[in-house]
Amino acid sequence: MENRVEFNDIPGQSTIKERLLAYGASGNIPHALLISGPPGTGKMLLARTFAKLIHCEHPSPMGPCGHCRSCRLHAEISHPDLHFIYPIVKSTKLKHFVSADFAPEWREMISRYPAMPEEKWLDLMDAGNSQPAIYVDEAEHIVESDAYPPFASDRKIFIIWLPERMRPEAANKLLKVIEEPSPTTLFILVSNNELRLLPTIFSRLHRLHAGRLPDDEIQQYLRDHYGLNPHDAIRLAPLCNGSIIRADELGAHSGENEEFLLTYQEIMRAAYSKKVAMLKKISDSVATWGREKLRRFLLYMARMIRENFIYNLKMPQLSAMTPEEEDFSTKFSPFINHANVEDFIHETDSARSDIERNANAKLVLFDFFIHCIILLHKKPKN
């Protein structure tokens with residue numbers, strides 16, 4: 001299972017790439033880096049490629065060579081001096097709570113989902129309602145490992161994904177080693193929310209911020225990775241909100257947006273007309289899609305409800321819809337207003353949560369669609 005990722009393969013983030021390449025060329029590498037920003041901005045890809053650059057035997061000004069033994073080991077996710085730390089869920093089968101206990105799931109995660117959507121990690125761990133965390137056992141293991149020299153290179157690298165999920169006792173345990181690690185140790189922290197980091201750790205890090213990607217970068221990503229034609233890439237890019245996680249969803253299921261729009265229109269028209277039998281028929285049909293597609297559809301419905309509410313407020317500059325979606329919204333948006341929008345989102349999220357827990361899809365959807373009848377006829381108060 002190989003993961004050949006180079007800087008040129010990562011969309012956008014040119015400032016961060018230049019900084020990382022400069023670190024590599026000069027050899028003046030901070031002992032602890034933080035790459036932070038919203039989900040889907042390529043942070044883990046940047047961290048992994050920088051780690052590969054540091055270990056590369058024949059680096060170039062453009063990045064790692066991609067062919068030496070170290071680069072091949074990185075591609076196989078098996079370099080002995082590269083250690084991934086990530087949040088896990090507790091299990092009664094485990095005596096110690098460390099990342100290595102979920103190594104097979106982690107390899108699948110970064111191979112199949114390199115943009116790192118958190119919900120996929122929860123699914124792979126079968127987390128259920130448990131909240132993953134980085135525990136003190138992990139911190140103790142890092143401190144012990146820091147005392148040993150690298151095995152096959154000049155540097156031992158720890159990439160810590162979602163350090164904001166570190167338990168306080170774990171963070172406190174790591175304070176000294178992050179501030180003064182061994183000369184051959186490098187920490188790279190990859191965070192979706194730097195504000196949740198322990199301030200004493202945050203202050204010890206050299207910080208790089210990865211912002212949302214512009215639409216033209218997303219368009220190119222959709223064309224390069226999913227073979228979309230320019231028209232479809234331009235149409236879908238604004239829906240991604242600068243995230244390659246969302247671009248991966250839309251690109252991998254590029255025909256779904258149109259299918260979801262038609263289904264959404266059918267549901268809302270039937271609900272407005274109080275056609276219960278039609279809603280029952282739709283729920284039976286949609287229930288055959290399977291859990292993952294249903295999850296995506298309910299996320300689509302939640303997005304369209306929010307977009308219609310924004311459109312109803314006469315704030316089109318804040319809206320991101322395809323021309324087909326906007327055409328429907330010009331007529332339908334008045335029915336999504338301050339009287340029902342919060343309840344709509346709540347019911348949509350509840351239905352998605354039930355589907356994710358393997359509830360009976362036909363019952364969940366039909367119940368949700370009946371709630372749509374009630375909500376669409378809820379009158380705003382003057």
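Below, the structure is looked at part by part. (Residues numbered from 1 in each chain as written. Predicted model: local features only at pLDDT ≥ 70, side-chain atom pairs only at ≥ 80, totals over all residues. Heavy atoms only, no water.)

1. Structural notes on the packing of helix α14 (residues 291–312) against helix α16 (residues 341–356)
At a minimum axis distance of 9 Å, the contact between α14 and α16 shows a crossing angle of 170°. With respect to each other, α14 and α16 are oriented roughly antiparallel. Taken together, the residues of α16 that come into contact with α14 (itself represented by R291, L294, R295, L298, L299, M301, A302, I305, R306 and F309) are V341, F344, I345, T348, A351, R352, I355 and E356. Of the residues contributing to the contact of α14 with α16, the split by class is 12 nonpolar, 1 polar and 5 charged. (Axes fitted to C-alpha atoms, helices over the stretch in contact; angles between N-to-C directions. Helix = DSSP H or I, 4+ residues; strand = E, 2+ residues; numbered from the N terminus. Parallel < 35°, antiparallel > 145°, perpendicular 65-115°, else oblique. Contact = heavy atoms within 4.5 Å. Nonpolar A, V, L, I, M, F, W, Y, C, P; charged D, E, K, R; others polar.)

2. Points about the pattern of salt bridges
Close approach of charged atoms allows side chains with opposite charge to pair. In total, this model carries 20 salt bridges according to the counting rule given. Residue E6 is joined to K52 by a salt bridge in which the shortest nitrogen-to-oxygen separation is 3.3 Å. On the criterion of sequence distance, the pair formed by E6 in the segment before α1 (14–26) and K52 in helix α2 (residues 43–55) is long-range, its members being 46 residues apart. Its relative accessible area of 21% is what places E6 among the partly exposed residues. A relative accessible area of 4% places K52 in the buried class. (Salt bridge = Lys/Arg side-chain N within 4 Å of Asp/Glu carboxyl O. Buried < 20%, exposed > 50% of the residue type's maximum accessible area, 1.4 Å probe, protein only.)

3. Description of the side chain of N337
Here N337 shows up in the loop between α15 (323–332) and α16. There is a polar contact of 3.2 Å between the side chain of N337 and the backbone oxygen of P334. Other than its neighbours up to four places away in sequence, N337 contacts F309, N312 and P380. (Polar contact = N/O pair within 3.5 Å; in protein donor to acceptor, adjacent residues only side chain to side chain.)

4. A word on the pairing of strand β1 (residues 32–36)
Burial of β1 is extensive: 5 of the 5 residues sit out of reach of the surface. On β1, burial covers both faces: A32, L34 and S36 on one face and L33 and I35 on the other are all buried. Pairing of β1 with strand β4 (residues 185–191) involves 5 bridges; the strand directions are parallel. Looking at the pairing, L34 lines up with L189 of β4. In the sheet, β1 pairs with strand β5 (residues 206–209) via 4 bridges, with the strands oriented parallel. Note that in β5 the partner of L34 across the bridge is R207. (Pairing = 2+ DSSP bridges.)

5. Let's talk about the environment of D343
Note that D343 resides in helix α16. Note on D343: relative accessible area 31%, which makes it partly exposed. Sequence spacing of D343 and L375 is 32 residues, and the spatial spacing of their C-alpha atoms is 7.5 Å. Setting aside residues up to four positions removed in sequence, D343 forms contacts with L375 and K378. At 2.9 Å, the side chain of D343 forms a polar contact with the side chain of K378.

6. Topic: the pairing of strand β3 (residues 156–161)
Here β3 lies mainly inside the structure; 6 of its 6 residues are buried. Residues K156, F158 and I160 point to one face of β3 and I157, I159 and W161 to the other, with burial holding for every one of them. Of the pairings in the sheet, the one linking strand β2 (residues 82–85) to β3 comprises 4 bridges and is parallel in character. Across the sheet, L82 pairs through a bridge with I157, a residue of β3. Two strands pair when backbone bridges link them, and β3 and β4 are joined in this way by 6 bridges, in the parallel orientation. The partner of K156 across the bridge, within β4, is T185. Between the parallel pair β3 and β4, the chain is carried across by helix α7 (residues 168–179), and the sense of this crossover is right-handed. (Right-handed = clockwise from strand over helix to strand, strands pointing away.)

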